[in-house]
Amino acid sequence: MLKSLRLRRYGRYVEKTFCYLLVLVITPCFFIFEMSVVRPIVVKTYHLGEIKHLLHVICSTFCFTNIVGNMMLCIFTQTNLKESVISEHYCELCKINRPATAWHCATCDTCVLRRDHHCFFLSRCIGLQNQRYYVLYLGYVFISLVYSTYYNYYYVLTKFDDYDLYLSAYRVINPLLRYVIPEPLGMRDLYVLFLFLNMGLVIWSGGLFWFHMRNVLRGVTAREYKSSCRVSWHSTKKNFIDVFGTRWYLAILWPFAVSPLPRHDIKLN
Ligand SMILES: [Zn+2]
Ligand SMILES: [Zn+2]
């Protein structure tokens with residue numbers, strides 16, 4: 001029992017450390033690198049006009065603002081059940097009556113309203129109050145990664161002629177080729193490796209976004225989807241508004257827009 005508690009505590013430290021790294025280091029460094037290293041070279045090499053250049057700056061800043069805004073709001077929005085409700089479901093650990101759609105999270109050690117899942121990367125439970133931010137965060141991460149892959153491809157092209165790029169790509173995919181083709185490419189291999197990483201993250205974030213958006217439109221949480229214990233009979237539009245709120249058209253464009261959730265009764269059923 002003590003060992004499992006200790007393990008859980010270490011797991012929580014690892015999770016928190018990764019979350020801080022993601023918020024304070026990885027996300028801002030990625031944006032700064034793209035804007036200060038990749039952008040000027042692509043603009044100069046491919047002779048982008050001033051208007052195109054300005055449009056790219058606006059688009060990338062818009063995506064970055066939505067990523068950071070949704071990420072921070074997802075982390076800081078309270079999702080836990082604060083007090084007992086009139087319900088027959090009792091949580092032994094929190095010592096309160098919880099709604100049927102609230103579940104206890106062992107990592108957060110609290111009952112979470114309409115709990116979807118516990119996100120390792122953000123070190124938070126995703127539930128009724130922050131699902132909007134989580135899904136939009138994934139959506140904007142996906143869009144930004146597609147955008148940066150496109151940009152980075154042209155950036156990497158400036159470092160190679162065609163033959164070298166394919167050679168490097170083969171060597172990155174199969175490191176054993178390094179012994180067959182001894183010609184050193186060094187730093188440029190690293191650029192190609194990052195481009196592959198970028199492409200891999202596109203597939204990963206796209207898959208996550210697709211999975212969660214499909215659940216939103218079906219009106220089920222990830223937990224309900226896995227256990228098939230609940231099916232929503234509401235329309236797709238109603239399910240969408242249940243997560244993104246009545247002013248969803250603002251919520252999807254601006255993370256700080258107020259968009260009240262319509263199903264207040266969900267807390268009690
Ligand atoms: Zn609980
Ligand atoms: Zn949790």
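Residues numbered from 1 in each chain as written. Chains lettered and ligands numbered in written order. Predicted model: local features only at pLDDT ≥ 70, side-chain atom pairs only at ≥ 80, totals over all residues. Heavy atoms only, no water.

- Naming follows an unreviewed UniProt entry, where the chain appears as Palmitoyltransferase of Euphydryas editha.
- Annotation of the chain in UniProt includes, under Subcellular location (unreviewed entry), the sentence "Membrane".
- Regarding the chain, the UniProt comment filed under Sequence similarities (unreviewed entry) reads as follows: "Belongs to the DHHC palmitoyltransferase family." (UniProt positions renumbered as here; feature names shortened; annotations may be inferred.)

**Quick notes on the packing of aromatic side chains**
Link 1 in the chain: On inspection of all chains with the given rule, the structure shows 17 aromatic pairs.
Link 2 in the chain: Measuring from centroid to centroid gives 6.5 Å for Phe-33 and Tyr-155, while their planes differ by 85 degrees, and the two rings are edge-to-face. Taken together, the residues span a long stretch of sequence, with Phe-33 in helix H1 (residues 2-45) and Tyr-155 in helix H3 (residues 131-157) at a distance of 122 residues.
Link 3 in the chain: Accessibility expressed as a relative area gives 36% for Phe-33, which makes it partly exposed.
Link 4 in the chain: Given the relative accessible area of 4%, Tyr-155 is considered buried.
Link 5 in the chain: With centroids separated by 5.5 Å and ring planes inclined at 85 degrees, the aromatic side chains of Phe-120 and Phe-121 adopt a geometry described as edge-to-face.
Link 6 in the chain: For Phe-120, a relative accessible area of 36% corresponds to the partly exposed category.
Link 7 in the chain: Classification of Phe-121 by relative accessible area gives partly exposed; the value is 33%.
Link 8 in the chain: Members of the aromatic cluster, joined through ring pairs, are Phe-18, Phe-120, Phe-121 and Trp-204.
Link 9 in the chain: Between Arg-214 and the ring centre of Trp-210, over which it is positioned, the NZ or CZ distance is 4.6 Å. (Phe/Tyr/Trp six-rings, centres within 6.5 Å; stacked < 30°, edge-to-face > 60°. Helix = DSSP H or I, 4+ residues; strand = E, 2+ residues; numbered from the N terminus. Buried < 20%, exposed > 50% of the residue type's maximum accessible area, 1.4 Å probe, protein only. Lys NZ or Arg CZ within 6 Å of the ring centre and 35° of its normal.)

**Some thoughts on the nonpolar core**
Across soluble globular proteins, nonpolar side chains show a tendency to be buried alongside one another.
Link 1 in the chain: By size, the foremost hydrophobic cluster in this structure holds 26 residues, and its most contacted members are Met-71, Leu-122, Tyr-134, Tyr-137 and Phe-244.
Link 2 in the chain: Sorting the residues of this core by element identifies H1, helix H2 (50-76), H3, helix H6 (187-218) and helix H8 (236-244) as the ones contributing at least two each.
Link 3 in the chain: The dominant element in this core, judged by the number of residues it contributes, is H3, at nine residues.
Link 4 in the chain: Within the second largest apolar cluster, 11 residues are counted, among which are Val-42, Phe-160, Leu-165 and Ala-169. (Core = buried A, V, L, I, M, F, W, Y, C linked by side-chain atoms within 4.5 Å.)

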